[in-house]
Amino acid sequence: MKIQKTKITADFWRRYRELVVKEVLPYQWKVMNDEAGINIADDPQNNGQDQNSHAIANLRIAAGKMKGHHYGFPFQDTDVYKWLEAAAYTLKYHPDDDLRKITDRLVDLIAAAQEDDGYLSTYFQIDAPDRKFKRLQQSHELYTMGHYIEAGVAYYQVTGSQKALAIAEKMADCIDRHFGRDEGKIRGVDGHPEIELALARLYEVTTDHRYLELAHFFLTERGQDPDFLDRQVQADGPDRDIIPNMRGLPKEYYLTNAPLKDQQAPHGHAVRVVYLCTGMAYVARYTHDKELLAACDRFWNDIVKRQMYITGNIGQTTTGEAFTYDYDLPNDTNYGETCASVGLAFFANQMLKLRPLGEYADVLEKELFNGALAGMSLDGKHFFYVNPLEADPADNKWNPGKAHILTRRAEWFGCACCPSNLARLIASVDRYIYTVSDETVLSHQFIANDTQFSNGARIQQENNYPWSGDIHYRVSPGKTPFRLGIRLPHWSAKTALTVNGQKKELAVDNGFIYFEVADKELAIDLQLDMSVKYMVANNRVKADIGKVAIQRGPLVYAAEGTDNDFPLWTARVLTEEEPRVSFEPQLLGGVAMVRVPVESDQLASVDAPLYQALPEKVHRQRTTLKLVPYYAWANRRDGAMQVWLHRR
């Protein structure tokens, strides 16, 4: 049983997907062609060297269509590839002849840039042809080619383009000739995982076991020789860095400190971690490698239960954009890169394909509606690289330790991995609603849709999610019976179930409730608990002691200075009193605003002592704190924001 066609009918996601078509893709295309006049002065890492991307120019130079040197990072090509992948997905739900001409010409350009042996990484082709595969710690060659393989597979699946798929196969064949355990091959790995999941995707469409075996090699080889990358650096020349300051990072940063079967918890670069985990889960499913599966479980449990923010963001420190240690979750200095949230969504989706556990879908939902979605503005033309849970413009301006935190989204970045990554996630969100295994269909995301299956079955889901918890299913049987599992979210403490008009008791199995679909149509109604929750953190999280966060349904909320006329840090939430919810159709594209009762400390005068004895009476004003969904913050005037708030 397979999915044949999914049409998204959800107003929330249709607006975002149309935004990708009408604003995001055209804007990013102009940026990559150096036609947008972007300002990258707000790049928190100061990675940009001028006002342009040059990503298309690099491909044109490699193809011999213009002269010049390579510009940008060695992985600059991936901005183009992720854009192509996003464009492919949009062509499926929004056919566009003009866009199709652009993407076909882009595939032609990529084919022209690819060398005869299948190699394609424009930095090395243009400026360093003698250094191919010789500095894998920094080169991102396999990472870059992996992103094209993903794009090529997606473009082939949507358009049937044999050329796009042939480029990917030729690329993978090149890698296969150079890497492996056979004599004369490189027995090593890329410093940035990605090729592993890409090869698994290529295997799915070609059924060529060489690609699956190569992916398995990269996973099982990682960490077998912890000094491999360092030896390459020495042989290539210690002072010839491709990306400055990467040599001083520990082996844990690259996840090469030990074989994956022996690594207990992630401490490295967050995006590397979740891309690697996605590849592990992908390959474990096809190879039944128990050690890879066990590593997936260890990493999942540590990330989700000890190192993930309530918004789904991961990566606590700006130093290396990395994980730190368990329960270290600072709100005002955290990194929470958008790409890491997108990558965790990939990982969660692959874990669902391994096991029907509701917790995987809960995390996927958390990313879709919070951590990842916050990375793009409502106009589709401004982006967050870093996603804090507490921010203040004064901190960003005056505190160097918080300079990476922005309170407004930037037009672009010198390292522009996040904008196109988020675009491809949103454009492909129809692929994240159901998981099908044999004759079981898991409906784990409440995104209204109309889906047809290969056995003739049809599932129609109607809702006004995430604003309402009333979920209606109309399930039409097919030629063969199947089992339907519907997720019961962990945040819904009280859920009512009705089947064909009859109230039913909930029988929950690992986060799902199951229905047998044979020869009769089913009408299934869920009423999820959409009450506002005051959330608290595990008391091992020092940063959140004495604080609460506000959540309604799948959405985590944030307080902004633009809605509140007092300093946010002075508010103390009165948790014993009920919050109020109102849908505001004209606010931020239409959102449910939450109002909570608070007491606000009267701000001391500028002439008051810096320190004093505890006064007998503290002057506090009772007022109301307004909050909006976290994904929508920073879309109005510049100002402060907090997710975690003091409680009385």
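Residues numbered from 1 in each chain as written. Predicted model: local features only at pLDDT ≥ 70, side-chain atom pairs only at ≥ 80, totals over all residues. Heavy atoms only, no water.

(A) Region of the structure containing the overall build of the protein. The helix and strand tally for the protein stands at 18 helices and 22 strands. Relative to the compact-globule value of 26 Å for 648 residues, the protein shows a C-alpha radius of gyration of 25 Å, a close match. Each principal axis of the C-alpha atoms in the protein carries an extent, and together these give about 75 × 75 × 50 Å. Taken across its 648 residues, the protein has 60% of its residues classed as buried. A separation threshold of at least 6 residues defines the contact pool for the protein, and within that pool the share at least 24 residues apart is 72%. Put simply, the protein shows about 25,600 Å² of open surface, and 46% of that area lies on carbon and sulfur atoms. With 75 positive and 87 negative side-chain charges, the protein shows a spacing of 3 Å between the two charge centroids. (Helix = DSSP H or I, 4+ residues; strand = E, 2+ residues; numbered from the N terminus. Rg over C-alpha atoms; globule rule 2.2 N^0.38 Å. Buried < 20%, exposed > 50% of the residue type's maximum accessible area, 1.4 Å probe, protein only. Contact = heavy atoms within 4.5 Å. Areas by Shrake-Rupley, 256 points an atom, 1.4 Å probe, with all protein chains shown as cover. Lys, Arg positive; Asp, Glu negative; His and termini not counted. Charge placed at Lys NZ, Arg CZ, Asp CG, Glu CD.)

(B) Structural detail: the sheet that holds strand E6 (residues 458–462). Taken together, seven strands build an open sheet; the order of strands is E1-E5-E6-E7-E13-E9-E10 and the sheet is antiparallel. Every other strand in the sheet has two partners, leaving strand E1 (3–8) and strand E10 (502–504) as the edge strands with one partner each. Averaged over all pairs of adjacent strands, the angle between strand axes in this sheet comes to 20 degrees, irrespective of strand direction. Of the pairings in the sheet, the one linking strand E9 (residues 496–499) to strand E13 (residues 522–527) comprises four bridges and is antiparallel in character. Residue pairing in the sheet places Leu497 in a bridge with Leu526 of E13. (Pairing = 2+ DSSP bridges. Axes fitted to C-alpha atoms, helices over the stretch in contact; angles between N-to-C directions.)

(C) Here's a closer look at the environment of Gly336. Counting through the fold element by element, Gly336 comes out in the loop between helix H14 (290–306) and helix H15 (338–354). Between the alpha carbons of Gly336 and Phe323 there is a distance of 9.5 Å; along the sequence they are 13 residues apart.

(D) Representation of helix H9 (residues 195–206) within the structure. Here H9 contains 12 residues, and its C-alpha end-to-end distance of 16 Å stays within 8% of the 16 Å for a straight helix at 1.5 Å per residue. In terms of residue burial, H9 counts as a mostly covered element, since 10 of its 12 residues are buried. Buried residues of H9: Ile195, Glu196, Leu197, Ala198, Leu199, Ala200, Arg201, Leu202, Tyr203 and Thr206, and no others. Here the buried face of H9 lies against helix H3 (77–93), helix H7 (141–159), helix H8 (162–178), helix H10 (209–221) and helix H13 (270–287). (Expected span 1.5 Å × (residues − 1).)

(E) Examining the pattern of salt bridges more closely. Applying the stated rule across the entire model yields 48 salt bridges. Residue Lys402 pairs with Asp332 through a salt bridge whose shortest N-O separation is 2.7 Å. Taken as a pair, Lys402 in the loop between helix H17 (393–398) and helix H18 (417–427) and Asp332 in the loop between H14 and H15 lie far apart in primary sequence, 70 residues in all. For Asp332, a relative accessible area of 23% translates into the label partly exposed. As a salt-bridge pair, Asp601 and Arg572 come within 3.4 Å of each other at their nearest N and O atoms. With a gap of 29 residues between them, Asp601 in strand E19 (residues 591–601) and Arg572 in strand E17 (residues 571–573) connect regions that are remote in the sequence. Using a relative accessible area of 26% as the deciding quantity, one classes Arg572 as partly exposed. (Salt bridge = Lys/Arg side-chain N within 4 Å of Asp/Glu carboxyl O.)

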